[in-house]
Every structure is written in C-alpha cells, then in structure tokens.
Amino acid sequence: MAKWREVKMGDVCLIERGGSPRPIDKYITKEKNGINWIKIGDTNESMYITSTAQKIIPEGMKKSRYVQPGDFLLSNSMSFGRPYILAIDGCIHDGWLVLRDINNVFDKHFLYYYLSAPITYQKFKSLAVGGVVNNLNSEMVRNIKVALPPMEEQQKIAAVLDKVSDLIAKRRQQLEKLDLLVKARFVEMFGKEDWKIDSLSSVAIITGGLTKNSNRNSFKLKLPYLRVANVFFNKLDLNEVQYIGVKENEIEKTLLKKDDLLFVEGNGSKEQIGRVALWNGSIEPCLHQNHLIKARFKLKEINPLYALFYFMSDEGRKQIIGKSVSTSGLNTLSIKKIESLRIPIPEITLQNEFATFAKQTEKTKTSVKESLEKLETLKKALMQEYFG
C-alpha cells in the first residue's frame, strides 16, 4: 500500500450525517408515496441495501437526510464503521453517515472492501468516542486517510474479492437450503397426522442449573459450565466455555449428558426466547447455568433429535413464545412453563427415520462449512495483502 497515494476521505467524498424527524412514529406510513426509511435492521450479509421494512411520509424528508442509489452508508454507532452500498433511495436517521464519491475517484466495490478492511476499522475505532457505545461523526470520517490506487488497480482488486465473496455467498445459500430441506422433511413426516400428545414433563426430567455468584470463587473444585451465550438454535458455540466453582453434591443435578435438550430460559427478544440445542458431549464433565433448562428424555419413545426439531418448528415456537412472559421489555420462559410444553409423540420408527436424515444432512453441512471457513480465511488474507 506504500506506493498508493493517500488522501483524506473528506477531500474526495462528501460526508454527511443522517437526521431523524421526531417523534418518528408520527412520520411512519404505509402509503404508496412513502419514502424508504433506512435502518440498520434493513441490512444483511450483502454489501447492498435493497429494501426497507418501513417508510416515512414525504414531509419527513425535510427533517432527515435523503440518499440515493450508489451512495455509501456507514453505521456511526453500535456496530459502527460498517459500510453498505445503497441500491435504493430513501432517508436515513442520525445513526448513519452517508459518503458520496462526488468525483468518481473510487470503484464502488473497491471502496466497499477498503472500508470493510480491518485496518480501516482500526482507524475508525481509534477515533470513535463514547462509553459502552462507540460513535463516529462526520468530521472524524472526513479526516481519516485512505488509499487511492489508480482506477485500473482498484478494479482488479475488487474483481478478485468479488469472486471470493460470491463463492462465500453461495456456500451460505447452500447452508440455508440444507436447513430448509430438513425443516420441510420434518413437516412432511409429522405435520399431517394427529399424534398422541404429552407434556414435556411427562416424557423428560427437567432441571435448572447453577447460579453463579462471588462465593463460588473460593470453591476448590472448578468445572466447565455452559451458559446462555453458548447456546443457539441447533448450535453450540464452545469457543469460550467458562469454569465455575462447584460443590460435590451439586454436580449430579447439573451435569450434562449427551443428547440432553437445552432451552434458553429468557431475558431476550421473542425471536431468541427458548433457543434450543442438543448437548453433544464434547466436554466431559460439563455443567450448565441456571438460565439454561435441561430436558433429559426418560422414554425410549422420544428421539432427542426429533424433539429438537419439533421445538424449532413453527408449532413448537408458537408454544414457546405463547408461554413466555414479558417484563420491562425482557422475555422470560420459566422452568414451570417449559415443563408444561406439549410435544406430539409419533411412532419411534418415524422419529428415527427423520433423525437419520437430519444427521446425513448435517454431514453435508459440515463439508460446506469447512469450505466456507477456507474461503473466509482466504478473503481475510487477500484483504490483508491488499490493504495492509
């Protein structure tokens, strides 16, 4: 990068902050003549923003910032410094900065990758101000120095990174399709019959876990334990498993065994309440915290993998959300509510057939994930090579 000319972002781009008409609820509309109201929730893994969930009345434009296709948006708080290219027009609130390459000195994809690069993020991070939430402002971004290679070189770099990014997107699409395939198979096999239904407490032993407190630091015996942060839908993240002080007589009740079904008790959004996953037995011994509820099936008529997918199905999620309680904006699902969940019990041969299919699909997913990880590593290496 040393051979590239460096310029201040403000010398080559027009940089402005968004604005919010207030109170925003008075400006939201469903009318056809509404203006796209662009929020961070309208973004995804793509570099482009292509649609919005909400619109505002035309009068709101006077108190906001109007943006157009081709403009860059940069988040200036929370996940600050994240760039997006607009594929639509609309208005942005003050959580966004807009960057306009008014002199056409950048290839759009090159600029996107440059703004996404770790070196650029570190520049943003060093300038961001705030306590828990970091914030950028337009003046800070104007003063950041950026590389300005010749246009031909920008286009070559962008073309290489585009190819790798396209392959990454295809692998992610494959994973999504495989997930949809398993869900469709579940509905096909179990969605049409009236099966016998039991409460979860009738077919499983359900227990809470350990409460972490400062007194436990003095305990001599310390064991790994699973937290809410480790459990997602049909996924365990075991990269940061913590240890907890424990008494001998606490172990048996909170010890995890392979194929235990884990429910996240709460304190989250309705979409995340009651996340479920099966314990894979990869860490022994391993305990669990009190905000994770463990269901250990005591009947041979229940295949744990079937139960997992039932509680991730539309019917299962409807039950879980319906039993959750919202307090001060936080949703909780008590152990009593989990015990009262109902589960259909199809013939075990059908459950086992589905479980075999799900396991085979998971093997395919593992192969795709390995390919995805290699591509993501390659992309990081290329960005490091190009941008330093």
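A. Representation of the overall build of the protein within the structure. Scanning the protein from terminus to terminus reveals eleven helices and 26 strands. Along the three orthogonal principal directions, the C-alpha set of the protein runs to about 70 × 50 × 45 Å. Split into buried and exposed, the 388 residues of the protein put 46% on the buried side. Within the protein, residue pairs in contact and separated by at least 24 positions form 77% of the contacts whose partners lie at least 6 positions apart. Total accessible area computed for the protein in this model is approximately 21000 Å², and 51% of it derives from carbon and sulfur atoms. Across the protein, the centroid of the 59 positively charged side chains sits 4 Å from that of the 45 negatively charged ones.

B. Structural detail: the packing of aromatic side chains. Considering all chains together, one arrives at 15 aromatic pairs under this definition. Centroid distance F190 to F354: 5.8 Å. Interplanar angle 75 degrees. Geometry classified as edge-to-face. Placement of F190 in helix α5 (residues 151-190) and of F354 in helix α11 (residues 348-387) is noted, with a sequence separation of 164 residues between them. Note on F190: relative accessible area 8%, which makes it buried. In this structure F354 comes out as buried when scored by relative accessible area, which is 0%.

C. Structural detail: the pairing of strand β11 (residues 96-100). Counted residue by residue, β11 has five buried out of five residues, so it is predominantly covered. Because side chains alternate across β11, one face comprises the buried residues W96, V98 and R100, and the other comprises L97 and L99, equally buried. As defined by bridge partners, strand β2 (residues 14-17) adjoins β11 across four bridges and the pair is classed as antiparallel. Across the sheet, residue L14 finds its bridge partner in β11, namely R100. Direction of pairing for strand β8 (residues 72-75) relative to β11: antiparallel, over a ladder of four bridges. Each bridged residue has a counterpart across the sheet, and for F72 the counterpart in β11 is L99.

D. Summary view of the pattern of salt bridges. Following the criterion strictly, the structure yields 16 salt bridges and no others. Between D179 and K365 there is a salt bridge, and its shortest N-O distance comes to 2.7 Å. Highlighted residues: D179 in helix α5 and K365 in helix α11, separated in sequence by 186 residues.

E. Structural detail: the sheet that holds strand β9 (residues 83-86). The five strands are arranged β2-β11-β8-β9-β5 in an open sheet whose pairing can be described as mixed. What marks the edges here is a single partner per strand, and that holds for β2 and β5 (48-49). Where helix α2 (residues 108-116) meets the sheet, it contacts β5, β8, β9 and β11, and its direction lies at approximately 160 degrees from that of β9.

F. Molecular detail of the packing of α5 against α11. At a closest axis distance of 10 Å, the pairing of α5 and α11 adopts a crossing angle of 165 degrees. Between α5 and α11, the crossing angle belongs to the class labelled roughly antiparallel. Seen along the crossing, α5 lies across α11 with a hand that is left-handed. Split by residue class, the contact of α5 with α11 holds 25 nonpolar, six polar and nine charged.

G. The arrangement of helix α8 (residues 304-312) in detail. Most of α8 is tucked away, with nine of its nine residues classed as buried. Buried within α8 we find P304, L305, Y306, A307, L308, F309, Y310, F311 and M312. Regarding α8, its N-cap is N303, as a side-chain oxygen of that residue lies 2.9 Å from the backbone nitrogen of L305 further along.

H. Structural context of unusual backbone geometry. In this structure, P23 follows R22 across a cis peptide bond, with omega equal to -5 degrees. Here the residue pair E284 and P285 is connected by a cis peptide bond, since its omega of -10 degrees sits within 30 degrees of zero. Relative to the helices and strands, P285 is located in the loop between β21 (276-278) and β22 (287-288). The phi dihedral of N234 falls on the positive side, at around 55 degrees, and the residue is not glycine. If you trace the backbone, N234 turns up in the loop between β16 (231-232) and β17 (235-236).

I. Representation of α11. With 40 residues, α11 extends 56 Å from end C-alpha to end C-alpha; this agrees with the ideal 58 Å at 1.5 Å per step. Directly after α11, the chain includes G388, whose backbone phi takes a positive value near 85 degrees.

J. Local environment of the side chain of D42. Relative to the helices and strands, D42 is located in the loop between β4 (35-38) and β5. Although D42 is buried, it forms no salt bridge, and the closest oppositely charged side chain is K39 at an N-O distance of 6.2 Å. Only 2.8 Å separates the side chain of D42 from the backbone nitrogen of K39, close enough to count as a polar contact. For D42, the residues in contact, after removing those within four places along its chain, are W37, I49, S51, T52 and A53.

Calculation notes
Residues numbered from 1 in each chain as written. Predicted model: local features only at pLDDT ≥ 70, side-chain atom pairs only at ≥ 80, totals over all residues. Heavy atoms only, no water. Helix = DSSP H or I, 4+ residues; strand = E, 2+ residues; numbered from the N terminus. Buried < 20%, exposed > 50% of the residue type's maximum accessible area, 1.4 Å probe, protein only. Contact = heavy atoms within 4.5 Å. Areas by Shrake-Rupley, 256 points an atom, 1.4 Å probe, with all protein chains shown as cover. Lys, Arg positive; Asp, Glu negative; His and termini not counted. Charge placed at Lys NZ, Arg CZ, Asp CG, Glu CD. Phe/Tyr/Trp six-rings, centres within 6.5 Å; stacked < 30°, edge-to-face > 60°. Pairing = 2+ DSSP bridges. Salt bridge = Lys/Arg side-chain N within 4 Å of Asp/Glu carboxyl O. Axes fitted to C-alpha atoms, helices over the stretch in contact; angles between N-to-C directions. Parallel < 35°, antiparallel > 145°, perpendicular 65-115°, else oblique. Left-handed = near helix turned anticlockwise from the far one by under 90°. Nonpolar A, V, L, I, M, F, W, Y, C, P; charged D, E, K, R; others polar. Polar contact = N/O pair within 3.5 Å; in protein donor to acceptor, adjacent residues only side chain to side chain. Expected span 1.5 Å × (residues − 1).

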